[in-house]
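What the coordinates show
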Amino acid sequence: MRSTRAASAVVLTACLLALAGCRASPDPATPTSVWTPSGSPSAPAPGPTSAVAPAEPALPEAATEASERGARAFIEYYWALINYAQETGDVARLKALSASTCSGCSAGITGVRRLYRSGGRLQGGDYSITIVQIGQLHGRDPSHVAFEALVRVRNEEQHIVHPDGTQETQHAGAHRVAVLAFWLVDHWRLDAMELRR
Amino acid sequence: MIAAGLIVTLALGAAHADPPDTGTDDTGFWLHQVQGAHHDAPPPAAAPQADQHTQLQPAAIVGHAACAGADQAAGLLFDVTFCPGADPEPLPLTLGAIRTAFARLPLPAARLAIQPPDGLTLVNFATNFFTTDTHPLLRRVTILGRQVTIRATPSTYTWAYGDGERRTTTSPGAAYPRLGITHRYVRTGRYAPRLSVTYRGDFRVGAQPWRAIPGTVTIDGPPQRLRAVEATPHLVGY
């Protein structure tokens, strides 16, 4: 007779490595404390779209350095923000870049905010500035970086529309303003603003 | 040349001369407010005081302000006092802030390996699960202006086998033949097993010792495709 030998086998190939379906997750960049202005780049809309609300001025690149050039750029930027605030009532960026001890800054910010919140507004009155004198203040500690500047400010004619609808006109003028820019780790702040005679 | 010299002289002189008169003293709205603040200001004798509660950041204060560690500078326009701020740190570094930063860290999911490979296993067979992502991860973050290093260490692994069963282990399992984490599927079918890794955290500021961060962060991995089939006997004759 035939002898039959049967063998059954379940063959299971146990291969190594089945690294399937893993999520490719590149290491995220290390967060850093770069100060980024939140204002959108100013892109003046000409012509028929000029009725669109003005864009907040963008921080110039030069204003991010702790130098005289940086202080100049910051002071010019600050005045651009003042014009923007007068036109829109938006004082958020100005407030962020002003020291709480700067009474002149606070007065301007509070005045604009109150006027707009109560239903008033400002028309015209843009300031244009020329920095006529700037110098660094030196204390004992060289880590303190501060620049004082005398700024010649020209204001255009302006109509102040009060909440009750009455209007007041401010004529064009020119004045001198002393300002103090103080460097804080990675950005400038205005620490003083005074009208000078 | 003479004309150029005159222009320079005039330009320099402008720093001290009054600006050209436009026939009005109107300042515009903003400067009118500034002027008002100036008039309302206290007399020089009462110099502004650095408020120890609100003056958290360094400041250049006009006048002789009273603040600890004051540094003074005299300029042409202002005499200022540099105040370092009430606290040398902008804001105190709290455990809560570190915990929040830990929870927001973009930590990776652990890669799930299954044996047998290729998404196919057998019913009633010890299917092997493991991961090799077991090493602590270091991340450097800035919290309230300070550099903090966070170390995230995988502490537990939750294996969801896709058939309703799950298991949490401290072991990451091991590759065949050591078989640390295995599961037997009792029915044929398609399953979507997945691995979640739970990290515990430590932090340190500069070279200070490591400190534990309360709480953990769990990152769910993506589901994988796995089919459990019945073994087919093959008769082999000799």
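Residues numbered from 1 in each chain as written. Chains lettered and ligands numbered in written order. Predicted model: local features only at pLDDT ≥ 70, side-chain atom pairs only at ≥ 80, totals over all residues.

The next subject is the overall build of chain A. When you go through chain A residue by residue, the secondary structure sums to three helices and eight strands. Each helix (α) and strand (β) of chain A, taken in turn from the N terminus, gives the series β-α-α-α-β-β-β-β-β-β-β. In chain A, which comprises 197 residues, the proportion classed as buried is 37%. Counting contacts in chain A only where the partners sit at least 6 residues apart, residues at least 24 apart contribute 52% of the total. (Helix = DSSP H or I, 4+ residues; strand = E, 2+ residues; numbered from the N terminus. Buried ≥ 20, exposed ≤ 12 C-beta atoms within 10 Å, placed from the backbone. Contact = placed C-beta atoms within 7 Å.)

So, about the sheet that holds strand β3 (residues 79-83) of chain B. Adjacent strands of a sheet pair through backbone hydrogen bonds, lying either parallel or antiparallel. Residues and elements named next belong to chain B. Taking strand neighbours across the sheet as the criterion, the three strands line up as β1-β3-β2 in an open arrangement whose pairing is antiparallel. Each end of this open sheet is capped by a strand with a single partner; those strands are β1 (59-62) and β2 (71-74). Strand-to-strand twist in this sheet, taken as the mean axis angle between neighbours without regard to direction, amounts to 30°. With four bridges connecting them, β1 and β3 associate as antiparallel partners. What sits directly across from Ile61, in β3, is Thr81. (Pairing = 2+ DSSP bridges. Axes fitted to C-alpha atoms, helices over the stretch in contact; angles between N-to-C directions.)

Here we come to the sheet that holds strand β6 (residues 167-170) of chain A. Residue and element names in this part refer to chain A. Judged by pairing direction, the sheet is antiparallel, and its three strands sit side by side in the order β2-β5-β6 without closing on themselves. Strands at the two margins of the open sheet, each flanked by one partner only, are β2 (121-124) and β6. The average undirected angle you get between the axes of adjacent strands in this sheet is 20°. Bridging between strand β5 (residues 158-161) and β6 involves four bridges; their strand directions are antiparallel. Residue pairing across strands places Gln158 opposite Gln170, the latter belonging to β6.

A few words on the environment of Gly28 of chain B. Structurally, Gly28 of chain B can be placed in the loop between α1 (2-13) and α2 (29-40). Judged by the 28 C-beta atoms lying within 10 Å of it, Gly28 of chain B is buried.

Residue and element names in this part refer to chain B. Pairing geometry for strand β12 (residues 194-205) and strand β13 (residues 211-220), over eight bridges, is antiparallel. From the neighbouring strand, Thr198 faces β13, where its bridge partner is Thr218. In this antiparallel pair of consecutive strands, β12 and β13, the connection spans five residues, and Gly206 shows a positive phi of 60°.

Counting residues in hydrophobic clusters, the biggest one holds 61 residues, and the most contacted among them are Ala146, Val179, Leu180 and Ala181 of chain A. With eleven residues, helix α1 (residues 68-88) of chain A is the single largest residue contributor to this core. Each residue touching Val179 of chain A, except ones within four places of it in the same chain, is listed here: Ile75, Ala149, Val151, Leu190, Ala192 and Met193 of chain A. Formed by 28 residues, the second largest nonpolar core is a distinct cluster that contains Ala113, Ile114, Tyr191 and Val197 of chain B. (Core = buried A, V, L, I, M, F, W, Y, C linked by C-beta atoms within 7 Å.)

A word on unusual backbone geometry. Along the chain, Gln115 of chain B connects to Pro116 of chain B via a cis peptide bond; the corresponding omega equals 10°. Here Pro116 of chain B lies in the loop between β4 (113-115) and β5 (120-122). The peptide bond linking Tyr176 of chain B to Pro177 of chain B adopts the cis configuration, its omega dihedral lying at 15°. In this structure, Pro177 of chain B sits in the loop between β9 (166-169) and β10 (181-183). The phi dihedral of Val185 of chain A falls on the positive side, at around 60°, and the residue is not glycine. When you line up the elements, Val185 of chain A lands in the loop between β7 (173-184) and β8 (187-196). The backbone of Asn124 of chain B sits at a positive phi, close to 60°, despite the residue not being glycine.

Residue and element names in this part refer to chain B. Of the residues in chain B, 76% reach a pLDDT of 70 or more, and the chain-wide mean stands at 79. Within the model, the stretch residues 1-23 combines pLDDT values under 50 with twelve contacts to residues more than four positions away or in other chains. pLDDT under 50 marks residues 41-54. Its contacts with residues more than four places away, or in other chains, come to 21 contacts. The ipTM, which scores confidence in the relative placement of chains, is 0.74 for this predicted complex, and the corresponding pTM is 0.50. (pLDDT = per-residue confidence, 0-100.)

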